[in-house]
Amino acid sequence: MALPILSTYRLQLRGESSGFAFTFDDALNVLDYLDDLGISHVYLSPIMTATTGSNHGYDVTDPTTVSPELGGADGLARLSAAARERGIGLIVDIVPNHVGIDQPRENAWWWDVLRHGRSSSYATYFDIDWDLDEDGRIVVPVLGSDGDVADLKVDGDLLRLGDLAFPIAPGTADGAHSADGARVHDLQHYRLVGWRNGVCGYRRFFSITSLAGLRQEDRAVFDATHAEVARWFAEGLVDGVRIDHPDGLSDPCGYLAWLREVVGPDGWIVIEKILAVDEALEPTLPVDGTTGYDVLREVGGVFVDPAGAPALTALVESAGVDYGAMPQMLADLKVRSATDTLASELRRLRRSIVAAAGSDHPGIPQAVAALLTHIGVYRCDYPGLAAIMPTALAETQAAAPELDPALQVVAAALARGGEPVTRLQQLCGAVTAKSVEDCYFYRDARLVSLNEVGGEPHRFGVGAAEFHDSAAIRARTWPQTMTTLTTHDTKRGEDVRARIGVLSQVPSLWTEFLARWEVRAPSPDPATGQFLWQNIFGVWPVSGLENPAVTEALRDRLHAYTEKAIREAAWHTTWNEPDADFEGAVHRWLDTVLDGPVAGQLTELVVQLNPHAASDALGQKLLALTVPGIPDVYQGTELWDDSLVDPDNRRPVDYTARRAALNALEHPKIRVVTTALKLRRSRPDSFLRGDYTPVLASGEAADHVVAFLRGGDILVAVTRWTVRLKERGWGNTVIPVPEGRWTDALTGAMASGPTAAAQLFGELPVVLLERSHD
């Protein structure tokens, strides 16, 4: 019988070949701790067999087997049984959109298709563009250049080039020419080409050629890739699944309907659906909600002080950035992503448009790219978003009348439905991801804590009115959606974002420090520098660089992060064309920061602002654990966490330290986490089915309180904007606690009726009141 889902704890599993292991047995060893912490379900990263050495599991090579490196089917069964003995269930992350083909021989389906071409039993499993090559071969962009074909060597039934190995079709390596790798290559069902050509013979996950898209719209493919998932539910091993990137599929709605059949009516399904700020989750989907990026934006945003926007905008513009022009920059990035990064997908879409419309126009690629800049969601073919496409077509035509003839061809193709509609929607999601998350979020330096998946940096935080309304709607419509603050995909960990968010309260102080630092350690590029300074501040140790080991560990992490950040920003250097001079200058600057006088000043500022950062970190954590939805605690974040973007956020977690902290209950964050989780266990109806009612403080510091009731017997209140609050004090601020006997589950303090904020927040900046019914 499925266990009621009250909360989850995300574990990142890894096999031995990834560098360090965290397997099913390792997960089993922390079950007692997680039980004591108060979670109801362990939430596992992908567990299917993945590419050897994978440190994340999203490059699945065999979706029919549980990874032997993690412990295999037996290991999963042991973990599930041990968890259930403690009243804990399992949630598993599954990856339907794509499989890993980086090492082709490890993926039996892909290997068979390469070997036998269209006659392979698995040829229809992959979204292959058989028309791209004039001879009907699969174009595989893995070579340094096209000329590398001449260096291919025949090795038995393999074609080899360095570490690359590909199968040879039966009967094509016989005879006198067998020693000539290039000639044998010309006889294969695939054509190896240079990766810089911008062509690819199969749908990819965004622009990653080592991840090949699957055709889940084919029931045979769905059944083959979900047979193991079906077994988990049939045998009661798991209670729910998290679905990775459903927007990449041909038909997300159809896929999720089939999935619901597999998991049953009670299986929990949450989808990694990245919603735009003003986008609602499609209400007809047979799911329980999203993975929580929308809630992450709201919970974190409510602590951002809107008063800081003008000064921080001026600071960005002092670096030569016209912040008012950022929307146009984003539009330009979308066009570049469509016409350059995803040019292969755009060409395939054009062919399908021409075929469906029965007409061609040279402006189709430009028209499609321009159209995508007017679609502000990942894809707009969900029933509830039907108005977006005609509106986008109208806006595109108004902005660029010269594209009207091409737009008419596009519209004619879309009117017929089918492949053009599907490929346009899949391209839309990929363009959004590549332009927004993977580029724009590394350029906008006004307040980088806002640059988060599902976020909108141009909106400076979230008002309390918006926060309350969104939470109340969620309680009515998606009460079992996931809520989160940190995931394996977030750009920064929750505590790093909380610290950076404090800068919205002290923009003048930040400007003053930044000016001083830029004199002593001038960054190679002012705009890049402003972005990186905030991230450095976000992870800088409160204790400073107290010893060489701390310094070197931080140095390694910041150098790795900086290289990724400046390449993703693609202003001066890129992944495909790195600028060694610029990158070298940035790395030398980073060492100057770490080794020079700025280090001490950074520590000074961190120490000064850390109490405010800690207050916000506790506040957002309590909100995430108590607002409507099912909260997820990302591994390790029950204590302070200074993680940056992956792979930094997949570092090993010290569970010995966390066990000790849980036993002592002196660390404020783990105290908040375990208290809230255990309260969810003891009062499930209040959190799963209880109403959400805003509680409005009164008095001169009322704006510094965000509070609400859950189900009538839980009252949550948190403090915000504490820099100004420290200066002015609570004064006559009162929180209207309902009559009755209320106990703060965090401190044991009592309250009844309207209570002074100074009294409620006397010990902690957060309050979790529980009504006594005796």
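See the structure shown above.
This structure is a prediction, so every number in the text was calculated from the model and none was measured.

Caption draft 1: Spotlight on the overall build of the protein. When you go through the protein residue by residue, the secondary structure sums to 27 helices and 26 strands. By its C-alpha atoms, the protein is 90 × 60 × 55 Å across when sized along the principal axes. With 774 residues in all, the protein has 61% of them scored as buried. Contacts in the protein between residues at least 24 apart in sequence constitute 73% of all its contacts with a sequence separation of at least 6.

Caption draft 2: Up close: the pairing of strand 14 (residues 240–243). Here strand 14 shows two buried faces, one formed by Gly240 and Arg242 and the other by Val241 and Ile243. Note: strand 5 (residues 89–94) against strand 14, four bridges, orientation parallel. Opposite Asp93, over in strand 14, you have Arg242 as the bridge partner. Summarising the sheet, strand 14 and strand 15 (residues 268–271) pair through four bridges and their orientation is parallel. What sits directly across from Ile243, in strand 15, is Ile271. Tracing the backbone out of strand 14, into helix 7 (residues 252–263) and back to the parallel element strand 15 gives a crossover that is right-handed.

Caption draft 3: Highlighting the packing of aromatic side chains. Across all of its chains, the model carries 21 aromatic pairs by this definition. Here the aromatic rings of Trp110 and Tyr202 are separated by 5.1 Å at their centres, their planes lie at 70°, and the arrangement is edge-to-face. Residue Trp110 is found in helix 4 (residues 108–116), and its partner Tyr202 is found in the loop between strand 11 (190–194) and strand 12 (204–205); the two are separated by 92 residues along the sequence. Like Tyr202, Trp110 is buried. Seen from their ring centres, Trp517 and Trp533 are 5.0 Å apart, and the 35° between their planes marks the pair as tilted. Of this pair, Trp517 sits in helix 18 (residues 507–520) while Trp533 sits in helix 19 (residues 526–539), and the two are 16 residues apart along the sequence. There is no split in this pair, since Trp517 and Trp533 are both buried. An aromatic cluster of three or more residues is present, and its members are Trp510, Phe513, Trp517, Trp533, Phe537 and Trp589. Lying across the ring of Tyr43, Arg10 places its NZ or CZ 4.7 Å from the centre. The aromatic ring of Phe513 is capped on one face by Arg516, whose charged end is 4.6 Å from the ring centroid.

Caption draft 4: Focus on helix 8 (residues 293–301). Within helix 8, seven of the nine residues are buried, which leaves the element mostly enclosed by the surrounding structure. Residues Tyr293, Val295, Leu296, Arg297, Glu298, Val299 and Gly301 constitute the buried set of helix 8.

Caption draft 5: Local environment of the nonpolar core. Ranked by internal contacts, the top residues of the largest apolar core, which has 132 residues, are Leu11, Leu44, Ile47, Trp232, Val368, Phe467 and Leu623. Residues Trp510, Phe537, Val539 and Phe582 belong to the second largest nonpolar core, which totals 50 residues.

Caption draft 6: Summary view of the side chain of Asp127. By secondary structure assignment, the location of Asp127 is in the loop between helix 4 and strand 7 (138–143). In this structure Asp127 comes out as buried when scored by relative accessible area, which is 7%.

Caption draft 7: Layout of the environment of Trp111. The topology assignment puts Trp111 in helix 4. When its relative accessible area of 14% is taken as the criterion, Trp111 is described as buried. Here the alpha-carbon distance between Trp111 and Ala224, two residues 113 residues apart in the chain, equals 17 Å. The contact partners of Trp111, leaving out residues within four places of it in the chain, are Pro104, Arg105, Leu158, Ala165, Phe166 and Pro167.

Caption draft 8: How the structure looks around the sheet that holds strand 18 (residues 630–634). The parallel open sheet is built from eight strands, whose spatial order is 16-15-14-5-2-1-18-17. Either end of the sheet is taken by a strand with one partner, and the two such strands are strand 16 (289–290) and strand 17 (482–483). In the sheet, strand 17 pairs with strand 18 via two bridges, with the strands oriented parallel. Counted as the bridge partner of Thr483 is Pro631 from strand 18.

Caption draft 9: Looking closely at the packing of helix 11 (residues 343–357) against helix 15 (residues 419–437). Between helix 11 and helix 15, whose axes approach to 9 Å, the crossing angle comes to 155°. In terms of orientation, helix 11 lies roughly antiparallel with respect to helix 15. For the pair helix 11 and helix 15, the sense of crossing is left-handed. On helix 15, the residues touching Glu345, Leu346, Arg348, Leu349, Ser352, Ile353 and Ala356 of helix 11 are Glu419, Pro420, Arg423, Leu424 and Leu427. Of the residues in the contact of helix 11 with helix 15, the class split is seven nonpolar, one polar and four charged.

Caption draft 10: Up close: the pattern of salt bridges. Inspection of the entire model under this criterion finds 55 salt bridges. Residue Arg215 is joined to Asp218 by a salt bridge in which the shortest nitrogen-to-oxygen separation is 3.6 Å. For the salt bridge of Arg297 with Glu466, the shortest nitrogen-to-oxygen distance reads 2.7 Å. Pair noted here: Arg297 is in helix 8 and Glu466 is in helix 16 (residues 464–477), with a separation of 169 residues, a long-range link. Residue Arg297 is classed as buried on the basis of its relative accessible area, which comes to 13%. Taking the relative accessible area as the measure of exposure, Glu466 reaches 27% and is therefore partly exposed. Each of Asp127, Asp129, Arg203, Arg348, Arg351, Glu419 and Arg423 takes part in salt bridges that share partners, so that together they form one network.

Caption draft 11: Summary view of the pairing of strand 10 (residues 164–167). Taken together, the four bridges between strand 9 (residues 158–161) and strand 10 define a ladder with antiparallel strand orientation. Bridge pairing in strand 10 links Leu161 to Leu164. Between strand 9 and strand 10, which pair antiparallel one after the other, the connecting turn spans two residues, and Gly162 there sits at a positive phi close to 60°.

Parameters and conventions
Residues numbered from 1 in each chain as written. Predicted model: local features only at pLDDT ≥ 70, side-chain atom pairs only at ≥ 80, totals over all residues. Heavy atoms only, no water. Helix = DSSP H or I, 4+ residues; strand = E, 2+ residues; numbered from the N terminus. Buried < 20%, exposed > 50% of the residue type's maximum accessible area, 1.4 Å probe, protein only. Contact = heavy atoms within 4.5 Å. Pairing = 2+ DSSP bridges. Right-handed = clockwise from strand over helix to strand, strands pointing away. Phe/Tyr/Trp six-rings, centres within 6.5 Å; stacked < 30°, edge-to-face > 60°. Lys NZ or Arg CZ within 6 Å of the ring centre and 35° of its normal. Core = buried A, V, L, I, M, F, W, Y, C linked by side-chain atoms within 4.5 Å. Axes fitted to C-alpha atoms, helices over the stretch in contact; angles between N-to-C directions. Parallel < 35°, antiparallel > 145°, perpendicular 65-115°, else oblique. Left-handed = near helix turned anticlockwise from the far one by under 90°. Nonpolar A, V, L, I, M, F, W, Y, C, P; charged D, E, K, R; others polar. Salt bridge = Lys/Arg side-chain N within 4 Å of Asp/Glu carboxyl O.

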